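# What the coordinates show
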Amino acid sequence: MNEKPNELSFDDVSIGQKEIFSTIITESMLEEFSKFSGDFNPLHMDNEFAHSSTFGKRIVHGMLLASFFSQLIGMRLPGKNSLYFSQTINFRSPCYIDDKIQVVGEVTEKSNSTRIITISTSIFNGSGTCLIDGVAKVIVR
């Protein structure tokens, strides 16, 4: 990932504009997320417990996945000029360690009076299954 954010202005953003990036979810991501979130639920951390669950193996924290929306907004669409206003999140399907995910954001609305853009946000696994979706509202400064 380029450490320098995009610098899109409100006028640079258009309805239908899309940003997509991919990453692989690693075990170390789960471990680090557990440490800073304090969520050590055995579905995420205990192989034996998770194996006996309906998932059959450890699942990734939903909020770890949702945290990639921050990268989408703060670094890519629109980037530097963004101020996250709100985000809805729907957890659709589980994600597993070593899954490659694709994070997608598409601008669906723009309000000239408030300078708020609405972005449809989604995360998919390598099979194209939607893991999380929602809607972000972003003020473009």
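Structure: above.
Residues numbered from 1 in each chain as written. Predicted model: local features only at pLDDT ≥ 70, side-chain atom pairs only at ≥ 80, totals over all residues. Heavy atoms only, no water.

Take the pairing of strand E5 (residues 116-124) next. In terms of residue burial, E5 counts as a mostly covered element, since seven of its nine residues are buried. Between the end of strand E4 (residues 100-111) and the start of E5, which pair antiparallel, lie four residues, with Arg115 showing a positive phi angle near 60 degrees. Relative to strand E6 (residues 130-140), E5 runs antiparallel, the two being bridged by nine bridges. Directly across from Phe124, in E6, lies its bridge partner Cys130. Taking the residues that link successive antiparallel strands as the turn, the E5-E6 hairpin has five residues, and the phi of Gly128 there is positive, at about 90 degrees. (Buried < 20%, exposed > 50% of the residue type's maximum accessible area, 1.4 Å probe, protein only. Helix = DSSP H or I, 4+ residues; strand = E, 2+ residues; numbered from the N terminus. Pairing = 2+ DSSP bridges.)

Right, let's talk about the pairing of E4 for a bit. Summarising the sheet, strand E1 (residues 18-24) and E4 pair through seven bridges and their orientation is antiparallel. Counted as the bridge partner of Ile20 is Val104 from E4. Pairing between E4 and E5: nine bridges, direction antiparallel. When the bridges of E5 are listed, Gln102 appears paired with Phe124.

One finds Ile25, Leu65, Ile101, Val103, Ile119 and Ile123 to be the most contacted residues of the largest nonpolar core, which totals 28 residues. Elements with a minimum of two residues in this core: helix H1 (27-37), helix H4 (62-66), helix H5 (68-76), E4, E5 and E6. Residue contributions to this core peak at five residues, all from E6. With residues near it in sequence (within four places) discarded, Ile119 still touches Ile73, Leu77, Gly105, Glu106, Val107, Thr108, Gly134, Val135, Ala136 and Val138. (Core = buried A, V, L, I, M, F, W, Y, C linked by side-chain atoms within 4.5 Å. Contact = heavy atoms within 4.5 Å.)

A few words now on the pattern of salt bridges. Using the criterion set out here, one finds five salt bridges in the structure. Note that Arg58 and Glu27 form a salt bridge whose closest N and O atoms lie 2.9 Å from each other. Of this pair, Arg58 sits in the loop between helix H3 (47-51) and H4 while Glu27 is found in helix H1, placing the two residues 31 residues apart along the sequence. Between Glu32 and Lys35 there is a salt bridge, with its nearest N and O atoms 3.4 Å apart. Placement of both Glu32 and Lys35 in helix H1 is noted, with a separation of three residues, approximately one turn of the helix. A relative accessible area of 44% means that Glu32 is categorised as partly exposed. When its relative accessible area of 57% is taken as the criterion, Lys35 is described as exposed. (Salt bridge = Lys/Arg side-chain N within 4 Å of Asp/Glu carboxyl O.)

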